[in-house]
Amino acid sequence: MDAVKDSKVLSVQSNNEGRVWEVQLAGPDGTERLLEVDASGKVSGARVKDTGEGEKARVMGLSKDARLTFKDAAAKVSSAVPEGRITHMSLDRYGDEALVWDADVLTSEGAWHGVKVDARTGNVTRIG
């Protein structure tokens, strides 16, 4: 987030077994930026995602309505599946009202868990 001032995380995706992460950030005006971050935290491959005004408005709404930050949501997911590793997590709206952090978690045994955390209340709403 330090790479883009006043940004909020929209999603993270693990690539190369966690050696590289694709991070999607939202700026205060709804502009989306995609960054690649290596395991040391070095940012490379930053680019602006070319979207229209409608998508920018949607992204601004997501960012504004989410009371739970990415960091706080990741802590909730880690508590729900303590033996797992988050491989993907994104903020999205389901239906007209539900705003959730949706995470994929993989255990060392290879079991997959889907975890949803309400982005307004912080309640874990699904573990599967």
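Residues numbered from 1 in each chain as written. Predicted model: local features only at pLDDT ≥ 70, side-chain atom pairs only at ≥ 80, totals over all residues. Heavy atoms only, no water.

Before going further, it helps to spend a moment on the pairing of strand β5 (residues 84-94). Where a strand is regular, its side chains alternate between the two sheet faces. Strand direction decides the pairing type here: strand β1 (residues 8-15) and β5, joined by three bridges, are antiparallel. By the bridge assignment for β5, Gln-13 is matched with His-88. (Pairing = 2+ DSSP bridges. Helix = DSSP H or I, 4+ residues; strand = E, 2+ residues; numbered from the N terminus.)

The next point concerns the confidence of the model for the chain. Looking at the chain, pLDDT values average 90 and 98% of them are 70 or higher. Within the chain, helix α2 (residues 70-80) carries the highest mean pLDDT (96), whereas strand β4 (residues 43-49) carries the lowest (84). (pLDDT = per-residue confidence, 0-100.)

This part takes up the sheet that holds β4. The eight strands are arranged β4-β3-β2-β1-β5-β6-β7-β8 in an open sheet whose pairing can be described as antiparallel. On the outer flanks of this sheet lie β4 and β8 (124-127), each paired with one strand and no other. Geometrically, the sheet is characterised by an average inter-axis angle of 20° between neighbouring strands, direction not taken into account. Bridge count for strand β3 (residues 32-38) against β4 is five bridges, and the pairing is antiparallel. When the sheet's bridge partners are listed, Glu-32 is paired in β4 with Lys-49. Against the sheet, helix α1 (residues 53-65) makes contact with β1, β2 (20-26), β3, β5 and β6 (98-107), and its axis sits at roughly 115° relative to β5, the strand it touches most. Sitting on the sheet, α2 touches β1, β5, β6, β7 (112-118) and β8, and the angle it makes with β5 is about 125°. (Axes fitted to C-alpha atoms, helices over the stretch in contact; angles between N-to-C directions. Contact = heavy atoms within 4.5 Å.)

Here the focus is the side chain of Lys-56. The topology assignment puts Lys-56 in helix α1. When neighbours within four sequence positions are excluded, Lys-56 is seen to be in contact with Asp-29, Gly-30, Thr-31 and Thr-51.

Below, the discussion takes up α1. In an α-helix, one turn spans 3.6 residues; hence positions three or four apart end up facing the same way. Across its 13 residues, α1 extends 18 Å between first and last C-alpha, which sits within 8% of the 18 Å expected from 1.5 Å per residue. Those residues of α1 that sit buried are Lys-56, Val-59, Gly-61, Leu-62 and Ser-63. (Expected span 1.5 Å × (residues − 1). Buried < 20%, exposed > 50% of the residue type's maximum accessible area, 1.4 Å probe, protein only.)

Core analysis: the biggest nonpolar cluster contains 27 residues, and Val-77, Met-89, Leu-91, Trp-101 and Val-105 have the highest contact counts within it. Of all the elements in the fold, those that place two or more residues in this core are β1, β2, β3, α1, α2, β5, β6 and β7. A total of four residues in this core trace back to one element, the largest contributor, which is β6. (Core = buried A, V, L, I, M, F, W, Y, C linked by side-chain atoms within 4.5 Å.)

Bringing the environment of Gly-45 into the picture now. For Gly-45, the location among the structural elements is in strand β4. With 23 residues separating them in the primary sequence, Gly-45 and Glu-22 have C-alpha atoms 9.3 Å apart. Non-local contacts of Gly-45, meaning those with residues more than four positions away in its chain, are made with Leu-34, Leu-35 and Glu-36.

Attention now moves to the environment of Thr-69. By the secondary structure assignment, Thr-69 is in the loop between α1 and α2. As a C-alpha pair, Thr-69 and Thr-125 span 56 residues in sequence and 16 Å in three-dimensional space.

Here we come to the environment of Ser-7. Tracing the sequence through the fold places Ser-7 in the segment before β1. Residue classification places Ser-7 among the buried positions, given a relative accessible area of 6%. Residues Ser-7 and Gly-30, spaced 23 residues apart in sequence, show a C-alpha to C-alpha distance of 9.2 Å.

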